[in-house]
Amino acid sequence: MKAELSRRDLLAAAGVGAGALAVGACATDARPIPGTLGGSDFRRGHRVRTGQLPEPQGKLEELPLLIAGGGVAGLAAAWRLVEAGFRQFRLIELEDETGGNARGGRNQVSAYPLGAHYLPVPNREAGALRHMLRQFGMITGEQDGAPVYDPYQLCADLEERLFWRGEWQEGLYPVAGLSAVDRADRDAFRRTMSDYSRATGKDGRPAFAVPSAYSSRDPEFLALDRLSFSQWLEQRGWRSPPLRAYVRYCCRDDYGTEPEGVSAWAGIHYFAARRGWAANGDGDRELTWPEGNQRLVRLMAQQVAGQVATAKSLVRATADNDGVIADVLDHRSETTHRVRTKAAILAMPRFVAARVAPARVPADASGYAPWIVANVTVARPPAGKGTPLAWDNVSTASNSLGYVVATHQSDSASGGPTVLTWYLPLSMETPAAARHLLLQRPLESWQALVRDDLLQLHPELAGAITRIDVWRWGHAMIRPAPGLMAQAADRLEDAVRPPLLLAHSDLSGLSLFEEAHYAGVAAAEAALRHLGHPVESLL
Amino acid sequence: MADATGEKAAATPQLALILLFSVFVVATCGLVYELLAGTLASYLLGDSVTQFSTVIGTYLFAMGIGSWLSRYIREQELLAFVRVELLLALIGGWLPAALFILFPLASDFRVALYGLVLLIGVFVGLEIPLLIRILRHRFALRELVSTVLTYDYVGALIASLLFPLVLVPKLGLIRTGFLFGLLNVAVAIALLLALRPERRLRAELLAALLIAATLLAGMAWAERIQRWSEVAFYSEPVIYARSTPYQRIVLTRRGGDLRLYLNGNLQFSSRDEYRYHEALVWPVLARVARPDRVLILGGGDGLAAREVLRDAAVRSVTLVDLDPEMTSLFRETPQLKSLNKGSLHSPRLKLINADAFRWVRQERGSYDAILIDFPDPTEFALGKLYTESFYREVARLLKPTGVMTVQSTSPLVAPRSYWTVATTLEAAGLKARGYHAYVPSFGEWGFTLAAHVQIGAAVRLPGRLRFLTPASERALFDFPPDMARRATPVNRLDNQALVRSFAEEWSHYEG
């Protein structure tokens, strides 16, 4: 209990402690704030771990193909199947709704994301993804051979601002008050990253690619996976505090993990793998929507609506000579029924797959980062000294990752109510300890943390917060620890071995939309080949 | 010598020194309060000669009342002096903050202003007679009057120099008030501490500390108070001020001149708005043979609609404005209704309160004439309404023979921003033609015509306009070299080139 208290204090130190001191308005804001506490359904999720599963009953059902998991990977697999004209499959999803990490919510003010909220303009190598974006109207045409993106779906200017030394500035890297060492480290870091971005391995592939499966397997680059990102920075002698803080922000933003726990390969991937391909110089832009990546998963789900069954999870899958025997638990009726399929795609995190199909997937020690995402409804938008409100607003003085503005894309009103989506990876704890906090802490305490963090940054929001809805992600994303990436190529190769195929972003170790999409498409194409359905690869 | 505390204490040399020094402080504070009241009255009510004159007159008269009242304080002069200091600290210290806050709230601001000035004057008037009486046993009368009045006038000189040179520019009015309030408290506390600590003075000491605390808090929150009371910003009397969820609406009036400000930016002056609105509306309508259906985006004041409705050929006007409070203000207020001739009540007009950025994307109608009259692109959110993407949607709503116009900021102050609008309209596939008009309250102001086909000359300009004639209309299209067309980037959602150049050009212009 004592230990837990001290962890709480640690967590609170960033927001609550300093907030209470800095904001006189706290007292007036002590009224309970309306809101809900949501999150991935851990009770259903933990069933496969705790056992006590009903015995299969009823008739054995025959089905050509089963997809288990309706997150981005599972939906991408389903999208690929339909794209190839194949509809004889079913996708089952444990939650009541598909979408996984890319789910979103909505209230009277705006739609908002619950997790992932943008997609960078894809690289040239991401052919399958680009094919889908064209189909969804996000790519509207071509200009000089390069894809043209719909301007309404590209993130509008102003994209990012950073609170640094009492003032907002444009961009996410501190500008003012840098010492000579700070500037030298920053420039050296940027040069190194841009060198890595252009580098190719002996196998002729780019050193770092998105999807990462296209990356070079040259040992020179894979060697970077042996040490942590912070060790690597240390080796280079880059100790500039603004640089370290920026790197820490980036590692937590994409991987939910401190730089000490991120492989140097993954860390560099963040900075060196993006070479977005687009007309009009839009290559370094992002696609974003008020509801975040829910836009993408909804569009995928629409195409396969007839094939989706929710509140169902795969609890056991065994391969035999005829294909796969799969036990499916229906969480609403509390019954299990058995399905015989020719192939099954396990579109679920590896630690779950290892329980569902232990003979196929060996247990693995990878950690999964827990996150808190809060959607804060405000009567008026935040302001602040310096650069005006941007889409993404980050503070160097907070342990949160800041907030994005849900109405940034949809509205031209500069006043009026909006929704701020606030992100906090619980990276300072061990994942297990942080998940314990997720289960223990009541809504009010999360709300207080979020409110105080926002008020510390924006005293002018006192009295303007009308709602805080908190969402808990127990296993939001795999932690790309050292040693993981070097095995990624083997894991991806193994994943497309029928009849039990694996599809998830954690195969590559990077929890990115592009990775999940690639894994889903690869699994779907392998399954089609296994089933004898003609398919021309998009990969 | 019959009575207590004051007299005995006054006898100690240490106390006498504090008292003499306090004459000096008190004189400085007194004059600063007077200057604060006069300056604030000029700021808030305008006409500085009248305001200064009446405030100083009231203040001096009140000091007379105070001096006269001092005769009724028969005993315990020192205690009375301490109490006067405390009251002055509280009222004087909070005077600027209170006047700023009261201004938009009070139905008759002058009552509050002169009430406070009277109160402060009375207390200041009590100070010198009380001090002279307290010190009378220490000095000869000849010496006493000379010393006290010397300190008094020197203090006044210092205050009158500090006020304009240091206090107002460095601290601002609100903080200056709190600072001098604190000086008054300091005098009171010094006297209380110099006196032997007696039980009966504890209440005064406690009060002094509490007052000092409120003044310090006020000092710390001065900026927030200033923000609440942006009235200091306007040079004319404010007759209406209201914050809607979208903007701050302020109406001012001086004489016959009614002005509308949104978020501090002037939208029109009733003296010359006819120039702006004739220039916005008629070059478009005069180029459309049958302007059956007209769309106005922005323009919730109904003034553009007033011009449009004068054209009998117009059968329907659709007006889209973001802020329902803005349109209802201009629908319901008699003064404003008479200005827009009740255009927002016209049966030919359909009023829609929506964000135009969203509205145009879902609108399917088509229009003969479209008038775009948004606030200047001062912010990224507003900048979206000047982008290629937005103009593509508007172009979709414009009939093949239709003509539209865009309020495009000043071609003189911000030529790059001005021509960015034309470049952007062209990027959206339209033909564009710039023109400009002189509107005294704005200066040289620019507009841009756009259409699917080449834009020709005006063919049906009505008579009886106050500003435009066929000849003067033609002249609007002529740009002298200082406003001439220049190469600009296209303003897009993802570069917001216009918001950036607009900020740069206007800040350069305003220094």
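How each quantity is defined
- Residues numbered from 1 in each chain as written.
- Chains lettered and ligands numbered in written order.
- Predicted model: local features only at pLDDT ≥ 70, side-chain atom pairs only at ≥ 80, totals over all residues.
- Heavy atoms only, no water.
- Helix = DSSP H or I, 4+ residues; strand = E, 2+ residues; numbered from the N terminus.
- Rg over C-alpha atoms; globule rule 2.2 N^0.38 Å.
- Buried < 20%, exposed > 50% of the residue type's maximum accessible area, 1.4 Å probe, protein only.
- Areas by Shrake-Rupley, 256 points an atom, 1.4 Å probe, with all protein chains shown as cover.
- Lys, Arg positive; Asp, Glu negative; His and termini not counted.
- Charge placed at Lys NZ, Arg CZ, Asp CG, Glu CD.
- Contact = heavy atoms within 4.5 Å.
- UniProt positions renumbered as here; feature names shortened; annotations may be inferred.
- Buried area = accessible area lost by both parts, 1.4 Å probe.
- Salt bridge = Lys/Arg side-chain N within 4 Å of Asp/Glu carboxyl O.
- Polar contact = N/O pair within 3.5 Å; in protein donor to acceptor, adjacent residues only side chain to side chain.
- Nonpolar A, V, L, I, M, F, W, Y, C, P; charged D, E, K, R; others polar.
- Pairing = 2+ DSSP bridges.
- Axes fitted to C-alpha atoms, helices over the stretch in contact; angles between N-to-C directions.
- pLDDT = per-residue confidence, 0-100.

*Asks:* What am I meant to see in the overall build of chain B here?
*Replies:* When helices and strands are tallied, chain B shows 18 helices and 11 strands. Relative to the globule expectation of 24 Å for 511 residues, the C-alpha radius of gyration of chain B, 31 Å, shows a markedly less compact shape. Judged by the C-alpha coordinates and their principal axes, chain B covers about 100 × 40 × 40 Å. Here chain B holds 511 residues, and the buried ones make up 56% of them. Of the roughly 21700 Å² of accessible surface on chain B, 61% is carried by carbon and sulfur atoms. Side-chain charges of chain B comprise 53 positive and 45 negative groups, with the mean position of each set lying 3 Å from the other.

*Asks:* How should I be thinking about the environment of Phe221 of chain A in this particular structure?
*Replies:* Residues and elements named next belong to chain A. As for its placement among the helices and strands, Phe221 is situated in helix H6 (residues 219-222). On a C-alpha basis, the gap between Phe221 and Gly201 in space is 7.7 Å, while along the polypeptide they are 20 residues apart. Those residues in contact with Phe221 that lie beyond four places of it in its chain are Tyr196, Ala199, Thr200, Gly201, Ala207, Ser216 and Trp265.

*Asks:* Got a minute to help me understand the UniProt feature "domain: Amine oxidase" (unreviewed entry) in chain A in this structure?
*Replies:* Mapped onto the present numbering, the UniProt feature "domain: Amine oxidase" (unreviewed entry) falls on residues 72-527 of chain A. Structurally, residues 72-527 of chain A is divided into 31% helix and 24% strand, and its ends, taken at the C-alpha atoms, are 17 Å apart.

*Asks:* Just checking my understanding: could you explain the interface of chain B and chain A for this structure?
*Replies:* Where interface size is given, it is often the accessible area lost as the parts come together that is meant. Between chain B and chain A, the residue contacts involve 23 residues of the former and 24 residues of the latter. For the pair chain B and chain A, the summed buried area comes to about 2100 Å², and 47% of that belongs to carbon and sulfur atoms. Of all residues in chain B, Phe380, Lys384 and Asp494 of chain B give up the largest surface area on contact with chain A, accounting jointly for 25% of the area buried on that side. Counting across the interface, chain B meets chain A through five salt bridges. A salt bridge links Asp282 of chain A to Arg492 of chain B, with the nearest nitrogen and oxygen atoms 3.0 Å apart. For the pair chain B and chain A, the interface holds 14 residue pairs in polar contact (both at pLDDT 80 or more). Looking at the side of chain B that touches chain A, the elements that each hand over two or more residues are helix H13 (356-362), helix H14 (380-383) and helix H15 (388-397) of chain B. The residue inventory of the side of chain B that touches chain A, partitioned by class, reads 10 nonpolar, three polar and 10 charged.

*Asks:* Explain the pattern of salt bridges here, please?
*Replies:* Two side chains of opposite charge can pair, provided their charged atoms sit close to one another. Residue and element names in this part refer to chain B. The tally for this structure, following the rule as stated, stands at 54 salt bridges over all chains. Of the charged contacts in the structure, one is a salt bridge between Glu204 and Arg83, with a shortest N-O distance of 2.8 Å. Of this pair, Glu204 sits in helix H7 (residues 202-220) while Arg83 is found in helix H4 (residues 77-105), placing the two residues 121 residues apart along the sequence. By relative accessible area, which is 7% here, Glu204 ends up buried.

*Asks:* I would appreciate a short explanation of the sheet that holds strand E10 (residues 167-170) of chain A in the present structure.
*Replies:* Strand pairs in the sheet, formed through backbone hydrogen bonds, run parallel or antiparallel to each other. Residues and elements named next belong to chain A. Here we have eight strands laid out as an open sheet, ordered E1-E20-E16-E19-E18-E17-E9-E10, and mixed in their pairing. Across the chains shown, the open sheet's two edge strands, defined by having one partner strand only, are strand E1 (37-39) and E10. In this sheet, adjacent strand axes meet at a mean angle of 25 degrees when their direction is disregarded. As paired elements, strand E16 (residues 368-378) and strand E20 (residues 465-478) share 10 bridges and run antiparallel to each other. The partner of Thr377 across the bridge, within E20, is Arg467.

*Asks:* Any chance you could explain the confidence of the model for chain A here in plain terms?
*Replies:* Low-pLDDT portions of the prediction should not be read for the details of their coordinates. Across chain A, the average pLDDT comes to 92, with 94% of residues at 70 or higher. Every residue in residues 1-29 of chain A is under pLDDT 50, and counting partners more than four places away or in other chains gives 42 contacts.

*Asks:* Is there a simple way to explain the UniProt feature "active site" (unreviewed entry) in chain B in this structure?
*Replies:* Mapped onto the present numbering, the UniProt feature "active site" (unreviewed entry) falls on Asp373 of chain B. At a separation of 2.6 Å, a polar atom in the side chain of Asp373 of chain B contacts the side chain of Tyr276 of chain B.

*Asks:* Is there a simple way to think about the sheet that holds strand E5 (residues 293-298) of chain B in this case?
*Replies:* All names here are of chain B. Ordered in space as E7-E6-E5-E8-E9-E11-E10, the seven strands form an open sheet in which the pairing is mixed. Both outer strands of the open sheet, strand E7 (349-353) and strand E10 (431-439), are each paired with one neighbouring strand and no more. Strand-to-strand twist across the sheet, computed as the mean angle between neighbouring axes with direction ignored, equals 15 degrees. Pairing geometry for strand E9 (residues 398-407) and strand E11 (residues 443-451), over five bridges, is antiparallel. Bridge assignment links Thr405 to a residue of E11, and that residue is Leu449. Set on the sheet, helix H9 (residues 273-285) makes contact with E5, strand E8 (367-373), E9, E10 and E11; between it and E8 the angle comes to about 155 degrees. Most of the contacts of H15 go to E9, to which it runs at about 140 degrees, and overall it touches E5, E8 and E9.

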